[in-house]
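A look at the structure
Chain by chain, the residues:
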Number of protein chains: 2
Amino acid sequence: MKDQSTEENILKAAISVFQKKGMAGARMQEIADEAKINKAMLHYYYKSKQKLFEAVFRQAFEKFAPHINQVFNSDKSVFEKITEFTDSYISFVMENPYLPNFLIQEINNNPEFADLFFGSEIAPNPLRFKKQIEDEIEMGILKPIDPKQLLLNLFSLTAFSFVGTGLVRGILNLDEKTFKSMMEERKILIPKLLINSIKK
Amino acid sequence: MKDQSTEENILKAAISVFQKKGMAGARMQEIADEAKINKAMLHYYYKSKQKLFEAVFRQAFEKFAPHINQVFNSDKSVFEKITEFTDSYISFVMENPYLPNFLIQEINNNPEFADLFFGSEIAPNPLRFKKQIEDEIEMGILKPIDPKQLLLNLFSLTAFSFVGTGLVRGILNLDEKTFKSMMEERKILIPKLLINSIKK
DNA sequence: AAATAGTTTAACCAAATGGTTAACAAATGT
DNA sequence: ACATTTGTTAACCATTTGGTTAAACTATTT
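Residues numbered from 1 in each chain as written. Chains lettered and ligands numbered in written order. Predicted model: local features only at pLDDT ≥ 70, side-chain atom pairs only at ≥ 80, totals over all residues. Heavy atoms only, no water.

Core analysis: the biggest nonpolar cluster contains 134 residues, and F18(A) and F18(B) have the highest contact counts within it. When near neighbours in sequence (up to four residues on either side) are disregarded, F18(B) contacts M23(B), A26(B), I31(B), K49(B), L52(B), F53(B), V56(B) and F102(B). (Core = buried A, V, L, I, M, F, W, Y, C linked by side-chain atoms within 4.5 Å. Buried < 20%, exposed > 50% of the residue type's maximum accessible area, 1.4 Å probe, protein only. Contact = heavy atoms within 4.5 Å.)

With that settled, the discussion passes to the relation of the copies chain A and chain B. Each of the two chain copies can be generated from the other by rotation about an axis followed by a shift along it. Taken as rigid bodies, chain A and chain B are interconverted by a rotation of 180 degrees and an axial shift of 0.0 Å, the fit giving an RMSD of 0.0 Å. The transformation just described matches what one would write down for a two-fold rotation axis. When the interface residues of chain A are mapped onto chain B, 98% of them are again interface residues, pointing to one common binding face. (Least-squares fit on C-alpha atoms with pLDDT ≥ 70 in both.)

The subject of this paragraph is the interface of chain A and chain B. For an interface, size is often stated in terms of accessible area lost upon the parts coming together. With 46 residues of chain A at the interface, the matching set in chain B holds 45 residues. Taken over both partners, the interface formed by chain A and chain B buries close to 4100 Å², and the fraction arising from carbon and sulfur atoms is 70%. At the junction of chain A and chain B, the tally comes to zero salt bridges. Summed over the shared surface of chain A and chain B, the number is 10 residue pairs in polar contact (both at pLDDT 80 or more). Taken together, the elements giving at least two residues each to the side of chain A that touches chain B come down to α1 (6-25), α4 (49-73), α6 (99-109), α9 (147-163), α10 (165-172) and α11 (176-198) of chain A. It is α9(A) that contributes the most residues to the side of chain A that touches chain B, 12 residues altogether. Classifying every residue of the side of chain A that touches chain B by side-chain character gives 26 nonpolar, 15 polar and five charged. (Buried area = accessible area lost by both parts, 1.4 Å probe. Salt bridge = Lys/Arg side-chain N within 4 Å of Asp/Glu carboxyl O. Polar contact = N/O pair within 3.5 Å; in protein donor to acceptor, adjacent residues only side chain to side chain. Helix = DSSP H or I, 4+ residues; strand = E, 2+ residues; numbered from the N terminus. Nonpolar A, V, L, I, M, F, W, Y, C, P; charged D, E, K, R; others polar.)

Moving on: the packing of aromatic side chains. One pass over the full model with this rule turns up 36 aromatic pairs over all chains. Geometrically, the ring pair formed by Y44(B) and Y45(B) is edge-to-face, given 5.1 Å between the ring centres and 85 degrees between the ring planes. Here a set of aromatic residues connected by ring pairs shows up, and it is made of F18(A), F53(A), F57(A), F61(A), F102(A), F113(A), F117(A) and F118(A). When the ring centre of F179(A) is taken as reference, the NZ or CZ atom of R169(A) above it lies at 6.0 Å. (Phe/Tyr/Trp six-rings, centres within 6.5 Å; stacked < 30°, edge-to-face > 60°. Lys NZ or Arg CZ within 6 Å of the ring centre and 35° of its normal.)

Once that is clear, we can look at the packing of α4(A) against helix α7 (residues 111-118) of chain A. Residues and elements named next belong to chain A. Two numbers describe how α4 lies on α7: the axes approach to 12 Å, and their chain directions differ by 45 degrees. As the angle between them shows, α4 and α7 are arranged oblique. Crossing of α4 against α7: the hand is right-handed. Between α4, through F53, E54, F57, R58 and F61, and α7, the contact on the second element is made entirely by F113, F117 and F118. Class assignment of the residues belonging to the contact of α4 with α7 gives a composition of six nonpolar, no polar and two charged. (Axes fitted to C-alpha atoms, helices over the stretch in contact; angles between N-to-C directions. Parallel < 35°, antiparallel > 145°, perpendicular 65-115°, else oblique. Left-handed = near helix turned anticlockwise from the far one by under 90°.)

Shown next, in the form of structure tokens:
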């Protein structure tokens, strides 16, 4: 093999382009350019735009899922899970700013395709977490709350700022520096808000 | 004029298609089909895809902005604003499920274009609200908090569920009925959570 | 070194897509 | 009634875009 990293370069370029522009907006030529190879190579290594997109989607989903699974499956307390998820998720997304938006967008545009992932092994399963909440309520650690609403609050508070960056920054008139420092603040602010609202 | 509602029909169809598929994914033919007219009519009333898109975007922005302005400019107390925004915004979005996602997506894809709106008359301005928060802190109604973080929390908690519907429903395993009833619950849950976290 | 298998490119292709044109139809003004 | 403006359509056009092909080049095997 001339260069065993060609396939890898293609995937990297595809990730970059697909995550920024989405399936519909991405152009095979642009991916080829970014990977510095001929367009035909895309089809040599990946059969089609759809297949290449699927590789990118899979990679994104597999990178994202562990953060959720940490909340769903680890042995930490609910308080610890909230604190740790917020911190690690915000750090993660600051490194991968296009990823959550990409996942959300493509799942919305393509529900049948997305269901393939939600039915799979790597798909996070909220059952254990639900049980944990019920246990901690019974133990008198937590107020009676709906686990689903708690998760929704947690995901909303951590993810929305990044998914809606443009809108948020437009409305609140934030420059990039202010935005970033606010996100750092939120690593502490969000757990405080949530824990305070559920601890007995 | 043969039918004075043709232009209106086009805009309606364009709203439907653009909001679901975005600028990149929308097809002029599909808009024409949905409006039940010839494709050439699109160019007769609106010069180009870009112009048609801009009309759709403007309409969406103008529908959305008042909800924010209600928070920024009305004379209600902070507590009332939180309660009323949550209720009216969730109701609004349940009627217009594609709108927030559309705005967010196109603003992210097209920041320069979006800045045209954030600089305009209809653009919400957070200054008065910031002042109000400072006043209410001084009056001893509110704990010392950052107005921007409060707004971010409010927007996150209300909007994210809709923007990330697919992902949220996939992860939490929610059918449409459960999702909707959760959104109704959130009209009460969110103000409670937020107000409790800021009232002195 | 010759044969073989794997990699890369330039040129090409068909379909899709945004947009145009020219002719026709309907309404409106005189 | 007739001319003019406005609305509508079918056919067409140029470009973009995803995808293919055949030949060339490189590495590996024998």
